[in-house]
Amino acid sequence: MTIEGAFQRYIGRDVLVYHHNGTTVSTIECQLTEVGDGWIKIKQDDESESIVNVNHIIRLREHPLNSKGKKKIIID
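Summary of the structure given here.

Scoring rules and cut-offs
Residues numbered from 1 in each chain as written. Predicted model: local features only at pLDDT ≥ 70, side-chain atom pairs only at ≥ 80, totals over all residues. Heavy atoms only, no water. Helix = DSSP H or I, 4+ residues; strand = E, 2+ residues; numbered from the N terminus. Rg over C-alpha atoms; globule rule 2.2 N^0.38 Å. Buried < 20%, exposed > 50% of the residue type's maximum accessible area, 1.4 Å probe, protein only. Contact = heavy atoms within 4.5 Å. Pairing = 2+ DSSP bridges. Axes fitted to C-alpha atoms, helices over the stretch in contact; angles between N-to-C directions.

## Side note on the overall build of the protein
And then number 1: Helix and strand counts for the protein come out as one helix and five strands.
And then number 2: Ordered by position from N to C terminus, the α and β elements of the protein give α-β-β-β-β-β.
And then number 3: Its C-alpha atoms give the protein a radius of gyration of 12 Å, within 12% of the compact-globule value 11 Å for 76 residues.
And then number 4: Once the C-alpha set of the protein is aligned to its principal axes, its extents read approximately 35 × 30 × 25 Å.
And then number 5: Here the protein holds 76 residues, and 29% of them are scored as buried.
And then number 6: The contacts of the protein with a sequence gap of at least 6 include a subset with a gap of at least 24, amounting to 39%.

## Regarding the sheet that holds strand β2 (residues 25-35)
And then number 1: Reading across the sheet, the five strands line up as β4-β3-β2-β1-β5 and stay open at both edges, with antiparallel pairing between neighbours. With one partner strand each, in any of the chains shown, β4 (49-53) and β5 (57-62) form the two edges of the open sheet. With direction set aside, neighbouring strand axes in the sheet form an average angle of 45°.
And then number 2: Where strand β3 (residues 39-43) lies against β4, five bridges are found, and the strand directions are antiparallel. In the sheet register, K43 faces β4, and the bridge partner there is E49.

The quantities given are spatial measurements derived from coordinates; they are silent on function.
Here it is, written out as structure tokens:
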């Protein structure tokens, strides 16, 4: 299985993408909209879209929910 194949199951879900730019690690709260060959396309809450290189992704996970079914607040 390829990493892109593993990311396919998260399409349309709210996710947290942990990525690095060489010196720092940051988290993006977004919705995964598309997976390509070596990249993913994400849409953030302000409707902006971005392409992220999968080589820079450390972790991708579904956004955790609290007991009431609302998104938990993530603090970096």
